[in-house]
Amino acid sequence: MAVEIGDFIEVIGHEPGYEHGYFEGEVIGEYDGILKIQYEHFVVEKDGPYLVEMIHPDHVRPRPPHSDKDVESFQKGDVVDVLWKDGWWQGIIYDVFDNLNNEMRYEVFYDYMPKYKKYAVCQPMNVRPHQDWISVNNGRVWVTSVREEIEEDVKVIWERRWR
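Residues numbered from 1 in each chain as written. Predicted model: local features only at pLDDT ≥ 70, side-chain atom pairs only at ≥ 80, totals over all residues. Heavy atoms only, no water.

S.K.: Tell me about the packing of aromatic side chains, and please be specific about residues and values.
M.R.: Per the stated rule, a full pass over the model turns up nine aromatic pairs. Taking 6.2 Å as the distance between ring centres and 80° as the angle between the ring planes, the aromatic pair formed by Tyr18 and Phe42 counts as edge-to-face. Linking Tyr18 in the loop between strand S1 (8-12) and strand S2 (21-31) with Phe42 in strand S3 (residues 34-43), this pair joins segments that are 24 residues apart in sequence. Residue class for Tyr18 comes out partly exposed when judged on its relative accessible area of 36%. What makes Phe42 buried here is its relative accessible area of 16%. Where Phe74 meets Tyr106, the ring centres are 5.8 Å apart and the plane angle is 75°; that geometry is what we call edge-to-face. On the criterion of sequence distance, the pair formed by Phe74 in the loop between strand S5 (60-62) and strand S6 (79-84) and Tyr106 in strand S8 (residues 104-109) is long-range, its members being 32 residues apart. Classification of Tyr106 as buried rests on a relative accessible area of 0%. (Phe/Tyr/Trp six-rings, centres within 6.5 Å; stacked < 30°, edge-to-face > 60°. Helix = DSSP H or I, 4+ residues; strand = E, 2+ residues; numbered from the N terminus. Buried < 20%, exposed > 50% of the residue type's maximum accessible area, 1.4 Å probe, protein only.)

Quick look at the structure:
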C-alpha cells in the first residue's frame, strides 16, 4: 500500500491487548520506510497531546470506505466493528433490542476479550460493517463480512470464522 504524508489511515493493533483493534490516525512523516503516525483518539495523558508513534507500514491500512448501510439495520449474526476504547473492535451482533428509553441497542459478542467483556451493549452510531483489506491479483480490495448464522453458542461461530 502506498502511503503518503497527510493520508488518514487505520493502524492495525499489534501490541498485546490491541490485536483485534483498528486505530484511526494520520501519517505525519516517514523515516527510512517507517511511518510516523499521529492518532486521532489516543492521548499521551488526559487532556494532553495526541500520541505520535513510529509504525511499520505492514501495520497500516487505509480507512474502510463509508458504508451506505443504515446503522440501525444490522441484524443478529452481522460481523461488525464497534467504536470502543479509542479504536474499532471486531465482533458479532448477538442481539438487537430497545433499552428502557426505547432507544435501539446492539449486544455484540467478542471472543478475544477478557471474560468480563465478552459481550458489550452499544449504540448504533458506534457500529460499522466489518471490512477486510485483502490481497487479490497483485492488488488489494475491501471485502465486507457476511452475516453468520447465530447458533446456541456464539463462540462456535467465532471459532469457525477464524480457523
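S.K.: Kindly report on the pairing of strand S11 (residues 131-136), identifying the contributing residues and their values.
M.R.: With six bridges connecting them, S11 and strand S12 (residues 139-144) associate as antiparallel partners. In the strand pairing of S12, Gln131 is matched with Thr144. (Pairing = 2+ DSSP bridges.)

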